[in-house]
Amino acid sequence: MNVKIEESWQNILQEEFEKPYFKNLVSFVKDEYTLQKVYPPGNQIFNAFERCPFDNVKVVILGQDPYHGPNQANGLAFSVKDGMRIPPSLVNIFKEIKSDLGKDLPATGNLERWAEQGVLLLNATLTVRASDAGSHQKKGWEEFTDAVVSKVNDLKTGLVFMLWGAYAQKKGAFIDERKHLVLKAAHPSPFAADRGFFGTRHFSKANEYLKAQGKEPIDW
């Protein structure tokens with residue numbers, strides 16, 4: 001199956017695209033985009049991969065679903081388009097960065113600048129129906145993104161995985177901590193951030209590890 005995705009990922013994931021579950025997923029997603037309002041825009045479904053080619057990956061941050069409000073989702077976990085109000089979880093991420101690294105809160109919640117430095121911002125589910133959170137769960141996306149995490153885990157060394165909240169930690173449970181740095185914390189949502197996200201200093205820890213691996217740190 002010919003899937004329009006960044007070339008290095010095309011090579012890594014081609015066997016996944018040939019599996020029956022993925023063909024069923026493509027059929028479902030095409031029907032949804034035809035019949036429903038779905039986010040992100042179709043040309044940004046694989047934006048996390050376009051912005052962060054396989055060879056560039058240094059950090060992996062796992063999210064769950066795209067934002068389901070108008071003009072928010074841009075295909076990157078936790079990220080919103082320029083000009084959109086910054087969602088509460090991302091506000092808390094920026095607050096932790098300020099506390100950890102002293103960086104002022106940015107004017108935009110668009111995280112493409114992170115992706116282009118090697119941060120794979122991967123949601124477990126890559127599409128969602130408008131105003132219907134979780135509507136594209138259990139249709140095949142989770143199996144696909146599990147395969148992505150597995151490939152990155154197996155084929156690369158010296159990465160940082162940031163697993164925030166129980167969902168991400170379960171999804172990343174098989175990551176080899178002998179090869180990679182795995183940072184776990186509560187989810188940055190307003191309901192959980194005070195119970196183990198703030199004060200974890202994941203961003204400075206990630207950069208210290210990357211520098212120790214001879215890699216450029218991320219300008220968070």
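Definitions and cut-offs
Residues numbered from 1 in each chain as written. Predicted model: local features only at pLDDT ≥ 70, side-chain atom pairs only at ≥ 80, totals over all residues. Heavy atoms only, no water. UniProt positions renumbered as here; feature names shortened; annotations may be inferred. Helix = DSSP H or I, 4+ residues; strand = E, 2+ residues; numbered from the N terminus. Buried < 20%, exposed > 50% of the residue type's maximum accessible area, 1.4 Å probe, protein only. Contact = heavy atoms within 4.5 Å. Areas by Shrake-Rupley, 256 points an atom, 1.4 Å probe, with all protein chains shown as cover. Lys, Arg positive; Asp, Glu negative; His and termini not counted. Charge placed at Lys NZ, Arg CZ, Asp CG, Glu CD. Axes fitted to C-alpha atoms, helices over the stretch in contact; angles between N-to-C directions. Parallel < 35°, antiparallel > 145°, perpendicular 65-115°, else oblique. Nonpolar A, V, L, I, M, F, W, Y, C, P; charged D, E, K, R; others polar. Pairing = 2+ DSSP bridges. Salt bridge = Lys/Arg side-chain N within 4 Å of Asp/Glu carboxyl O.

In the nomenclature of an unreviewed UniProt entry, the protein is known as Uracil-DNA glycosylase of Pontibacter virosus. The Catalytic activity (unreviewed entry) field of the UniProt record for the protein holds the comment "Hydrolyzes single-stranded DNA or mismatched double-stranded DNA and polynucleotides, releasing free uracil." One UniProt comment on the protein, placed under Function (unreviewed entry), says "Excises uracil residues from the DNA which can arise as a result of misincorporation of dUMP residues by DNA polymerase or due to deamination of cytosine."

*Asks:* Is there a simple way to think about the overall build of the protein in this case?
*Replies:* Helix and strand counts for the protein stand at eight helices and six strands. Along the protein, helices (α) and strands (β) appear in the sequence α-α-β-α-β-α-α-β-β-α-β-α-β-α when read from the amino end. The principal-axis extents of the C-alpha atoms in the protein amount to approximately 45 × 35 × 25 Å. Buried positions account for 55% of the 220 residues belonging to the protein. The long-range share in the protein, meaning contacts at least 24 apart out of those at least 6 apart in sequence, stands at 65%. For the protein, the computed accessible surface area is about 10,200 Å², with 48% contributed by carbon and sulfur atoms. Mean positive and mean negative side-chain charge positions of the protein (28 and 27 charges, respectively) differ by 3 Å.

*Asks:* It is not clear to me how the packing of helix α4 (residues 88-101) against helix α8 (residues 202-212) should be interpreted in this structure. Could you clarify?
*Replies:* In a pair of packed helices, the angle between the axes and the distance between the axes together describe the arrangement. Two elements in contact, α4 and α8, have axes separated by 8 Å at closest approach and are oriented at 60 degrees. Classified by the angle between their axes, α4 and α8 sit oblique to one another. Residue-level inspection shows Ile 93, Glu 96, Ile 97, Asp 100 and Leu 101 of α4 in contact with α8, the latter providing His 202, Phe 203 and Ser 204. Among the residues making up the contact of α4 with α8, the classes are represented as four nonpolar, two polar and two charged.

*Asks:* Whenever I open this one, the sheet that holds strand β2 (residues 59-63) confuses me. Can you help?
*Replies:* Sheet strands line up and pair through hydrogen bonds in the backbone, either parallel or antiparallel. Taken together, four strands build an open sheet; the order of strands is β3-β2-β5-β6 and the sheet is parallel. Bordering the open sheet on either side are β3 (119-123) and β6 (181-185), each of which pairs with just one other strand. In this sheet, neighbouring strand axes are inclined to one another by 20 degrees on average, regardless of whether the strands run parallel or antiparallel. Sheet analysis places β2 next to β3, joined by five bridges and oriented parallel. Bridge assignment links Val 60 to a residue of β3, and that residue is Leu 120. Helix-sheet contacts for helix α6 (residues 141-155) involve β2, β3 and β5 (160-164), and the interaxial angle to β3 is about 155 degrees.

*Asks:* Would you mind showing me how to read helix α1 (residues 7-17) here?
*Replies:* Each turn of an α-helix holds 3.6 residues, which means side chains three or four residues apart point in the same direction. Turning to α1, its buried residues number three or more, namely Ser 8, Trp 9, Gln 10, Ile 12, Leu 13, Glu 16 and Phe 17. Turning to α1, the residues buried within the fold contact α2 (20-35), α3 (47-51), β3 and α6.

*Asks:* Looking at this structure, I do not really get the UniProt feature "domain: Uracil-DNA glycosylase-like" (unreviewed entry) in the protein. What am I missing?
*Replies:* Per the UniProt record, "domain: Uracil-DNA glycosylase-like" (unreviewed entry) is annotated on residues 50-210. For residues 50-210, the end-to-end C-alpha separation is 22 Å, with 32% helix and 14% strand making up the annotated structure.

*Asks:* Explanation requested: the pattern of salt bridges in the structure shown.
*Replies:* For side chains of opposite charge, pairing can occur when their charged atoms come near one another. Tallied over the entire structure, the rule returns 11 salt bridges. Of the charged contacts, one joins Lys 19 and Glu 16 as a salt bridge, the two residues approaching to 3.3 Å between their closest N and O atoms. With relative accessibility at 5%, the residue Glu 16 sits in the buried group.

*Asks:* Would you explain unusual backbone geometry in this entry?
*Replies:* Peptide bonds are mostly trans, and most non-glycine residues show a negative phi. Across the junction of Tyr 39 and Pro 40, the peptide omega takes the value -5 degrees, indicating a cis bond. Within the fold, Pro 40 resides in the loop between β1 (38-39) and α3. Even without being a glycine, Asn 71 presents a positive backbone phi close to 60 degrees. Judged by relative accessible area, which is 47%, Asn 71 ranks as partly exposed. In this model, Ser 131 sits at a positive phi of 60 degrees, which is unusual for a non-glycine residue.

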